[in-house]
Amino acid sequence: MAVARGPSAALQEGAVPVFPAFCLLLPAPAFSCLSCQEGTRRSVGTPPPVPRLAQPLLTITFCFACRSLMPRTLDSQITVEKTPSYFVTKEAPRRIFNMSRDTKLIVVVRNPVTRAISDYTQTLSKKPDIPTFEGLSFRNRSLGLVDTSWNAIRIGMYAVHLESWLQYFPLSQIHFVSGEKLITDPAGEMGKVQDFLGIKRVITDKHFYFNKTKGFPCLKKSESSGLPRCLGKSKGRTHVQIDPEVIEQLRDFYRPYNIKFYETVGQDFRWE
């Protein structure tokens, strides 16, 4: 599996906001990775025919790149590119489809309320003077009017974004990864990913151990490796404390979107 280096230039028709993530597999065969967690523009080099995990494991982000920018790939390899934001970019499905209709997509999703708080926590660490989470989440909190123009809220409306992708790609070409299970059972989730890609289950529970300090699993490059890959300093931050009533209001807001998402993909992520 080869992964393109540097920022994606595949969607050069217009600027693309940096937000959730998605991965893209290009022939031969084709694949891409979308993640609805806060994304990062990271890429890896050209590993052996068996795919290795991108860094960090817990941020499998929404991926896509122009075929001309991808490294040369053997028939025994899979080409992967990951870049944040495309899952919520309206133009992305059409452009990816026009590039390669055989592309496979991997989407990592998590509880949209938790995702929004995590998104805000990351932004707050860089811009400490931004308004409160509550202030950004609502147009009118007393009336329960959620501000869907705020990206941290909008991104979690997965069912809405998925509609655009299903206009071009069948569900059989899209794999959904539970962000929660990716933490509690990384080997299980990665096993499903490998099955989706049609490759041997090389990555197993022997490649992971749980880091109690960070609260996330770490990846061992090999079973005997003494240097595991763990989340960096900017990841795994403690979330800011949010008023429980605000959380409940957002749960109510997302509930119909979540239910529609479960029904569409045929998978219950149990966020309720």
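None of these values were measured; they are calculated from a predicted model. (Residues numbered from 1 in each chain as written. Predicted model: local features only at pLDDT ≥ 70, side-chain atom pairs only at ≥ 80, totals over all residues. Heavy atoms only, no water.)

## Remarks on unusual backbone geometry
Here arginine 270, not a glycine, exhibits a phi torsion of approximately 55 degrees, which is positive. On the basis of relative accessible area, arginine 270 is assigned to the exposed category, the value being 70%. (Buried < 20%, exposed > 50% of the residue type's maximum accessible area, 1.4 Å probe, protein only.)

## Notes on the nonpolar core
Of all hydrophobic cores here, the largest spans 21 residues; its most connected members are Leu162, Trp165, Phe176, Phe261 and Phe269. Top element by residues in this core is helix H5 (residues 158–166). It accounts for four residues. Beyond its immediate chain neighbours, meaning those up to four positions away, phenylalanine 176 contacts Val107, Leu162, Leu171, Phe261, Val265, Gln267 and Phe269. Counting 17 residues, the second-largest nonpolar core is a separate cluster that includes Phe138, Ile242, Val246 and Phe253. (Core = buried A, V, L, I, M, F, W, Y, C linked by side-chain atoms within 4.5 Å. Helix = DSSP H or I, 4+ residues; strand = E, 2+ residues; numbered from the N terminus. Contact = heavy atoms within 4.5 Å.)

## Details of the packing of H5 against helix H8 (residues 244–265)
Closest axis-to-axis distance for the H5/H8 pair is 8 Å, and the angle between their directions is 35 degrees. Between H5 and H8, the residues in contact are Tyr158, Ala159, Val160, Leu162, Glu163 and Leu166 and Tyr257, Lys260, Phe261, Thr264 and Val265, respectively. Looking at side-chain class alone, the contact of H5 with H8 contains eight nonpolar, one polar and two charged residues. (Axes fitted to C-alpha atoms, helices over the stretch in contact; angles between N-to-C directions. Nonpolar A, V, L, I, M, F, W, Y, C, P; charged D, E, K, R; others polar.)

## A closer look at the pairing of strand S8 (residues 174–178)
The two faces of the sheet receive side chains in turn, since in a regular strand these alternate between them. Of all the five residues making up S8, five are buried; the element is thus mostly covered by neighbouring parts of the structure. Alternating residues of S8 divide into Ile174, Phe176 and Ser178 and His175 and Val177, and every residue in both groups is buried. Pairing geometry for strand S5 (residues 104–109) and S8, over five bridges, is parallel. In the sheet register, valine 108 faces S8, and the bridge partner there is valine 177. (Pairing = 2+ DSSP bridges.)

## A closer look at the packing of helix H2 (residues 112–126) against H8
As a packed pair, H2 and H8 sit with axes 9 Å apart at the nearest point and diverge in direction by 125 degrees. Considering the angle they form, H2 stands oblique to H8. Between H2, through Pro112, Val113 and Ile117, and H8, the contact on the second element is made entirely by Ile247, Leu250, Arg251, Tyr254 and Asn258. Among the residues forming the contact of H2 with H8, the class breakdown is six nonpolar, one polar and one charged. (Parallel < 35°, antiparallel > 145°, perpendicular 65-115°, else oblique.)

## A short note on the pattern of salt bridges
Side-chain pairs of opposite charge can arise where the charged atoms are in close proximity. Summed over the entire model, instances satisfying the criterion amount to nine salt bridges. The shortest N-O distance in the salt bridge between aspartate 119 and arginine 115 comes to 2.9 Å. Separated by four residues within a single helix, aspartate 119 and arginine 115 lie in helix H2, roughly one turn from each other. Summarising the burial analysis for this pair, aspartate 119 and arginine 115 share the class buried. (Salt bridge = Lys/Arg side-chain N within 4 Å of Asp/Glu carboxyl O.)

## Side note on the state of the cysteines
One pass over the full model with this rule turns up one disulfide. Paired through a disulfide, cysteine 218 and cysteine 230 show a sulfur-sulfur distance of 2.0 Å. Between cysteine 218 and cysteine 230, the S-S dihedral sits near 115 degrees, and the bridge is therefore right-handed. With cysteine 218 in strand S10 (residues 216–219) and cysteine 230 in the loop between S10 and H8, the pair connects residues that are twelve residues apart, well separated along the chain. (Disulfide = S-S within 2.5 Å.)

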